[in-house]
Amino acid sequence: MSIDDRAASARGVARADAAAGDAPAAPTGGDDLAPSTETEAAGVKERRPLTARLDNGLTVVYEAMPWLPSVSATLVLPFGSASDPQGLEGTATVLHEWLQRGAGDLDSRALSDALEDLGVRRSGGASRESSSLNMSFLASELEEVMPLLASMVTEPRLDDAEFEPSRELAVQELESLDDTPAQRLFDELLAAFVASPQGRSPLGTAEGLAALTAEGVRAEARLALRPAGAVLAVAGGADWERVLSSAEASFGGWEGEGPAVPQVAVAAPGRRHVVADSAQVQIGLAFPGPVPGTDEAYVHSVALNVLSGSMGSRLFTEVREKRGLVYTVSAFYRSLRGFGYTVGYAGTTPERADETLEVFLAELDRLAQGVTAEELERAKVGMLSSLVMQGESSGATAGRLAGDVFNLGRARTLEEITARVQAVTLDDVNEYVGRNRVPEPTIVTLGPARVPAAVG
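Residues numbered from 1 in each chain as written. Predicted model: local features only at pLDDT ≥ 70, side-chain atom pairs only at ≥ 80, totals over all residues. Heavy atoms only, no water.

## Details of the overall build of the chain
No. 1: Tallying secondary structure elements over the chain gives 15 helices and 15 strands in all.
No. 2: Pairs at least 24 residues apart make up 81% of the contacts formed inside the chain by residues separated by at least 6 positions. (Helix = DSSP H or I, 4+ residues; strand = E, 2+ residues; numbered from the N terminus. Contact = heavy atoms within 4.5 Å.)

## What about the sheet that holds strand β4 (residues 59-64)?
No. 1: As summarised here, the arrangement of the 6 strands in space is β3-β4-β10-β5-β9-β8, forming an open sheet in which the pairing is mixed. With one partner strand each, in any of the chains shown, β3 (50-53) and β8 (121-126) form the two edges of the open sheet. The average undirected angle you get between the axes of adjacent strands in this sheet is 15°.
No. 2: Direction of pairing for β4 relative to strand β10 (residues 231-236): parallel, over a ladder of 6 bridges. By the bridge assignment, A64 is partnered in β10 with G236.
No. 3: Docked against the sheet, helix α8 (residues 240-251) engages β3, β4, β5 (70-77) and β10, running at close to 155° with respect to β4. (Pairing = 2+ DSSP bridges. Axes fitted to C-alpha atoms, helices over the stretch in contact; angles between N-to-C directions.)

## Re the side chain of S151
No. 1: Tracing the chain through its elements places S151 in helix α3 (residues 142-154).
No. 2: On the accessibility criterion, S151 (7% relative accessible area) is buried.
No. 3: Looking at S151, its side chain comes within polar contact range of the main-chain oxygen of L148, at 2.7 Å.
No. 4: The residues contacting S151, other than those within four sequence positions of it, are A103 and P156. (Buried < 20%, exposed > 50% of the residue type's maximum accessible area, 1.4 Å probe, protein only. Polar contact = N/O pair within 3.5 Å; in protein donor to acceptor, adjacent residues only side chain to side chain.)

## Some words on the packing of aromatic side chains
When we look at a pair of aromatic rings, we describe it by the centre distance and by the angle of the planes.
No. 1: Under the counting rule described, the total for this entry stands at 7 aromatic pairs.
No. 2: Ring centres of F193 and F339 lie 6.2 Å apart, and the angle between their planes is 40°; this geometry places the pair in the tilted category. Residue F193 is found in helix α5 (residues 181-193), and its partner F339 is found in strand β14 (residues 339-348); the two are separated by 146 residues along the sequence. Each member of the pair, F193 as well as F339, carries the same accessibility label: buried.
No. 3: Judged by centre distance (5.9 Å) and plane angle (45°), the ring pair of F251 and W254 falls under tilted.
No. 4: Given the relative accessible area of 4%, W254 is considered buried.
No. 5: The rings of F186, F332 and Y345 are connected pair by pair, giving a single aromatic cluster.
No. 6: One residue, R337, lies across the ring of F406, its end atom 3.8 Å from the ring centre. (Phe/Tyr/Trp six-rings, centres within 6.5 Å; stacked < 30°, edge-to-face > 60°. Lys NZ or Arg CZ within 6 Å of the ring centre and 35° of its normal.)

## Notes on the pattern of salt bridges
No. 1: Using the criterion set out here, one finds 25 salt bridges in the structure.
No. 2: Among the salt bridges present, the one from R272 reaches E188, with a minimum N-O distance of 2.9 Å. Separated by 84 residues along the polypeptide, R272 in strand β11 (residues 271-275) and E188 in helix α5 bring together distant segments of the chain.
No. 3: We classify E188 as partly exposed; its relative accessible area is 22%.
No. 4: By sharing partners, the salt bridges in this structure join D160, E215, R218 and R222 into a single network. (Salt bridge = Lys/Arg side-chain N within 4 Å of Asp/Glu carboxyl O.)

## Regarding helix α2 (residues 108-117)
No. 1: Those residues of α2 that fall on the buried side of the exposure criterion are S108, L111, S112, A114 and L115. Buried residues in α2, looked at end-on, bunch into an arc of 160°, giving them a common side. Exposed and oriented more than 90 degrees from the buried face of α2 are E116 and D117.
No. 2: For α2, the secondary structure elements touched by its buried residues are β6 (102-103), β7 (106-107), β8, β9 (131-138), α3 and α4 (160-175).
No. 3: Looking one or two places after α2, you find G119, whose phi comes out positive at around 75°. (Arc of directions from axis to C-beta.)

## Observations regarding the confidence of the model for the chain
No. 1: In this model, the chain carries a mean pLDDT of 88, and residues with pLDDT of at least 70 account for 89%.
No. 2: Under a pLDDT of 50 for its full length, residues 1-44 has, in the predicted model, 155 contacts with residues more than four places off or in other chains. (pLDDT = per-residue confidence, 0-100.)

## Notes on the nonpolar core
No. 1: Formed by 57 residues in total, the largest nonpolar core has its most connected members in L58, L75, L77, L149, L232 and F251.
No. 2: The element that contributes the greatest number of residues to this core is α3, accounting for 8 residues.
No. 3: Contacts of L77, omitting those with residues within four sequence positions, involve E129, S130, S131, L133, V153, L225, A230 and W254.
No. 4: Listed in part, the 24 residues of the second largest apolar core include L304, V326, A346 and V451. (Core = buried A, V, L, I, M, F, W, Y, C linked by side-chain atoms within 4.5 Å.)

## Observations concerning the pairing of strand β12 (residues 281-289)
No. 1: Burial runs high along β12: 7 of the 9 residues are buried.
No. 2: The pairing of β12 with β14 spans 9 bridges and is antiparallel. Looking at the pairing, I283 lines up with A346 of β14.
No. 3: Bridge analysis of β12 against strand β15 (residues 442-447) gives 5 bridges, and the strand direction is antiparallel.

## A closer look at the sheet that holds strand β13 (residues 326-336)
Strand pairs in the sheet, formed through backbone hydrogen bonds, run parallel or antiparallel to each other.
No. 1: If you trace the 5 strands from one edge of the open sheet to the other, you get β11-β15-β12-β14-β13, paired in mixed fashion. In this open sheet, the two strands that pair with only one neighbour each are β11 and β13. Adjacent strand axes in the sheet meet at a mean angle of 15°, parallel and antiparallel pairs treated alike.
No. 2: Lying over the sheet, helix α9 (residues 295-308) contacts β13 and β14, oriented at roughly 175° with respect to β13.

Here it is as structure tokens:
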């Protein structure tokens, strides 16, 4: 489960904050960009991304998938809840919605019609460190779609009439948290775990949303909508010359500068309970992990897949299958820019919550005793299978490229990721988990009553 998976907005624009920030973290980094080669590793053809940086600072990256008749584009913008002004939490999510409601000569309806006439499918959302606009369309329409995508950030109308509906959608999405206790738990967990502004929920606060004004969000837009730090990633059946040419023509005149994303700071570990009127108890825990883009991040990810990578993993077996304590349990690696962390989650009944947390913590601690060769192999096969399947989607590929460039500063090939996972040995994992015992996590529970094991 992604921390920031949200419900689709009322305009049918599904949230998919894939590209950057607190998206599922891939563990490593890549290299320079050069023409494609035709090599294979573990069934993954090397599809080397090509990159250019425009004079205004916008990074353009493209990966060819020539067998596809379509392309996907992800535009990552360097603003999110971490850049919301104090007391105006929710600015990013309102701005993200507002800028899609008309651009240039096209009002909201006309812009939507223009995109639909071209067969464009849209998604996107505001996250903690970035916001994204995602589009998928036929490759033949590239030169028609790119100017429309660019117009949303280079000349958004930000009409007064569209501000209140944009804010109201954000309010509704915030209120929907009461119906999605797992999502509410993750927001509470990150708020307790991260001391820097990245701990703010992308949904904002009721007080912050109420305090927003059209003029205030316009002022933020002048800082947030800038090419420096933004990334345009394209994947699919076009070609590099067309992609770069259309990007230069559409985004070349974009100007502006703004503040950088702040560094991540972690709070001291703690435990807290959030009272909620629910029949279930949600359990979340978080602790720091290796820096994304390092060798240790690969080894850490393989170890986590032993713990929670499949229905045969330790958590699923010990917590769910043997004891029947939970309906869902998992642990996964996430990243913010320059910072990696691990999140654990379990959903259970109030009667089983205490034992669930105790067994969960025991399994985390048992990891330091090492893993078996069989567990290692199963974890790696699962990871490699997932990589192959992700590589079949142009949308997932564009999101991966954008996330890589935004978070790591460079785009990786699937071949590189595959090779790095394959290179992890049993000695690597056991030396790592023995040397890096799981630290005291931040624990947050949410439900009708406090969980005794979660009391510090």
